[in-house]
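A structural walkthrough
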Amino acid sequence: MSTSSQPQFRYTQTPSKVLHLRNLPWECTEEELIELCKPFGKIVNTKCNVGANRNQAFVEFADLNQAISMVSYYASSSEPAQVRGKTVYIQYSNRHEIVNNKSPGDVPGNVLLVTIEGVEAGDVSIDVIHLVFSAFGFVHKIATFEKAAGFQALIQFTDAETASSARNALDGRSIPRYLLPEHVGSCHLRISYSAHTDLNIKFQSHRSRDYTNPYLPVNPTAIEGVMQPTIGPDGKKKEPESNVLLASIENMQYAVTVDVIHTVFSAFGTVQKIAIFEKNGGTQALVQYPDVTTAAVAKEALEGHCIYDGGYCKLHLSYSRHTDLNVKAYSDKSRDYTVQDPSLLPAQQILGLPAPPAVWQNHQAATMYPGSEYAAPAQVPSWNPSAQAGTPTYMSVAGTFPGQSYPPSSIPAYATAPTPAGSSPLSQPPMVMTQPGVQPGRPAGASPPGHPPYYVR
DNA sequence: AGCACA
């Protein structure tokens, strides 16, 4: 039944070509790890600075006997294995290979993602950050933002070597106390690499700087310490309108792909770009239209609606602060329909061209203002999902899943269904929409779709 | 000083 009767740590371990090293100094670099181990054989993979204290590592030898020779050597040696004067304890790992050694944040680049732990955004000024990181080379640009992980900054150096030296020196360290307000306690820096290569700083402000362009305009709304939301006539917070919508997908029981988003949002006009990403444990998507008007219509029409009947994949929309997304043209999480004829895409996929790796690992990859999206409204229209449960509306639209009592897990019916006889594709609703008192169909006020649904191309 | 979650 269970293997939990096995002791967590065994004193006699099965040899493995993967060794587990502990009590390493947290500064230990991969190079030092390799220096320690390579006398015993060929190292094919490493994983350095793991564990909560970043003081453990894994080393994988090409051959089991090489790992055995290292363990045997230090088992009988009077000189313990050491790194930077610290004794390193070596055991066989309980795994037999190192998998996926490089996480995205470990792939070196010229832009660092810095998380400043235990501080509020106002505690550490951008000038302090600039000062600290300038010790390692010219800092081109800085963008700061707040998100769930805390106060973060993207810091752009000239090259990966400079960025790497800053990371190696500062990761796990603290900003000097004299640079911080009195009330700030510890202030540890966690540093990884961003996928960015060039930050797009729009304004000099309290949260972003471009040191390569002193003539960049100062954002008048960002001079003060806190961005003031504009207040609408009803006294509620009002987001500035934008041609880019931020969609938060609630109750995402079923896969929401780029194609699904594209189909849904294309009902209101040309969708230029899409990016899907995870944030705060939920799924969000940025959808770019050519103009604000189209976005406004889509926002009004789709807010609170569900992609699937039964309360699944409910959409909440707000305006993004983006005006032009910078996305990979084709990935499983993003699409840029402006760079190439979208009709070529399926052909390319069939031909088996490798999909580019997803870069949208997090919101940083999505935007220069990663923390600046307005949070989706917490309150949602009250609605009883059970009201229409068991009668998925998509069946009445497509009729291709007779007897199926649950939505498809990947491809929505409307994406693959043939157009029902006797009806124009343009008159069909783009998707299943359920909301009290609202019939599925083209939302009131929406312009006729600018182009046919993509399944009829 | 005791096993990685990207």
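Chain A carries the name Polypyrimidine tract-binding-like protein in an unreviewed UniProt entry, which gives Melia azedarach as its organism.

Attention now moves to the overall build of chain A. Tallying secondary structure elements over chain A gives nine helices and 19 strands in all. Contacts in chain A between residues far apart in sequence, at least 24 positions, make up 69% of those at least 6 positions apart. Carbon and sulfur atoms form 53% of the exposed surface of chain A, whose accessible area is close to 23300 Å².

Read from one edge of the open sheet, six strands run 17-18-14-16-15-19, paired in antiparallel fashion. Two strands lie at the open edges of the sheet, namely strand 17 (306-308) and strand 19 (334-336), each paired on one side alone. Each adjacent strand pair in this sheet contributes to an overall mean axis angle of 25°, direction not counted. Alignment of strand 14 (residues 244-250) against strand 16 (residues 282-288), held across six bridges, turns out to be antiparallel. Bridged to Ile249 within strand 16 is Thr283. Most of the contacts of helix 5 (residues 258-265) go to strand 15 (residues 273-279), to which it runs at about 125°, and overall it touches strand 14, strand 15, strand 16, strand 17, strand 18 (312-319) and strand 19. Contacts from helix 6 (residues 292-302) reach strand 14 and strand 18, with the element oriented near 140° to strand 18.

Oppositely charged side chains are able to pair whenever their charged atoms sit close together. For the coordinates displayed, the defined rule picks out ten salt bridges. Of the charged contacts, one joins Glu60 and Lys17 as a salt bridge, the two residues approaching to 3.3 Å between their closest N and O atoms. Linking Glu60 in strand 3 (residues 56-61) with Lys17 in the segment before strand 1 (18-22), this pair joins segments that are 43 residues apart in sequence. Since its relative accessible area comes to 9%, Glu60 is described here as buried. Of the residues examined, Lys17 reaches a relative accessible area of 25% and is grouped as partly exposed. Asp171 is the partner of Arg54 in a salt bridge, and the nearest nitrogen-oxygen pair spans 2.6 Å. Of this pair, Arg54 sits in the loop between strand 2 (43-50) and strand 3 while Asp171 sits in the loop between helix 4 (160-170) and strand 10 (189-193), and the two are 117 residues apart along the sequence. There is no split in this pair, since Arg54 and Asp171 are both buried. The structure contains a network of salt bridges with shared partners spanning Arg54, Asp171 and Arg190.

The subject of this paragraph is the confidence of the model for chain A. Caution applies to low-pLDDT regions: their predicted coordinates should not be interpreted in detail. Predicted confidence across chain A gives a mean pLDDT of 75, with 67% of residues reaching 70 or more. For chain A, helix 8 (residues 393-398) is the element with the lowest average pLDDT, namely 31, and strand 1 is the one with the highest, namely 97. Low pLDDT (under 50) marks residues 223-228, which in the prediction has six contacts with non-local residues, meaning those over four places away or in another chain. Below a pLDDT of 50 lies the segment residues 435-457, which in the model reaches 44 contacts outside its immediate sequence neighbourhood of four places, other chains included.

Residues Leu245, Ile261, Phe265, Phe268, Tyr289 and Leu315 are the most contacted members of the largest nonpolar core, which totals 30 residues. Contributing elements (two or more residues each) for this core: strand 14, helix 5, strand 15, strand 16, helix 6, strand 17 and strand 18. With near-sequence residues (within four places) excluded, Ile261 lies in contact with Ile249, Val256, Ile274, Ile276, Ala285 and Val287. Core analysis: the next-biggest nonpolar cluster, separate from the first, contains 26 residues, Val114, Ile129, Ile155 and Tyr193 among them.

By the criterion of burial, helix 5 is predominantly enclosed, with seven of the eight residues buried. Listed as buried for helix 5 are Val258, Val260, Ile261, His262, Thr263, Val264 and Phe265.

So, on to helix 2 (residues 64-76). With 13 residues, helix 2 should reach 18 Å at 1.5 Å per residue; the first-to-last C-alpha distance of 19 Å fits that figure. Restricting attention to buried positions, one finds in helix 2 the residues Gln66, Ala67, Met70 and Val71. The buried residues of helix 2 occupy an angular sector of 135° when projected down its axis, which confines them to one face. Exposed and facing more than 90 degrees away from the buried side of helix 2 are Asn65, Ala75 and Ser76. Here the buried face of helix 2 lies against strand 1, helix 1 (30-37), strand 3 and strand 6 (89-92).

Criteria and thresholds
- Each chain carries its own residue numbering, running from 1 in the written order of its sequence.
- Both sets of labels track the order of writing: A upward for chains, 1 upward for ligands.
- Local features in this predicted model are restricted to residues of pLDDT 70 or higher, and side-chain atom pairs are both shown and tallied only at a pLDDT of 80 or more, whereas totals for entire chains, interfaces and linings draw on every residue.
- Here the side-chain values reflect all heavy atoms present in the structure, with hydrogen atoms and water set aside.
- Here a helix means four or more residues in a row that DSSP labels H or I, a strand means two or more in a row labelled E, and each is numbered from the N terminus.
- Contacts: residue pairs with any heavy atoms within 4.5 Å of one another.
- Each accessible area is a Shrake-Rupley estimate made with a 1.4 Å probe; only the visible protein chains count as cover when residues are assessed.
- Two strands are counted as paired when DSSP detects at least two bridges linking them.
- Angles run from 0 to 180 degrees between N-to-C directions of axes, and those axes are lines fitted to C-alpha atoms, restricted for helices to the stretch in contact.
- Basic side-chain nitrogens of Lys or Arg form a salt bridge, by our definition, when they fall within 4 Å of a carboxyl oxygen of Asp or Glu.
- Only protein chains enter the accessibility calculation, which uses a 1.4 Å probe. A residue is then buried if its area is under 20% of the maximum for its type, exposed if over 50%, and partly exposed in between.
- One confidence number per residue, pLDDT, is output by the predictor and ranges from 0 to 100.
- Here, nonpolar core means buried Ala, Val, Leu, Ile, Met, Phe, Trp, Tyr and Cys residues that are tied together by side-chain atoms lying within 4.5 Å of each other.
- A helix is expected to span 1.5 Å for every residue after the first.
- Summarising the geometry, the arc corresponds to the directions from the helix axis toward the C-beta atoms.

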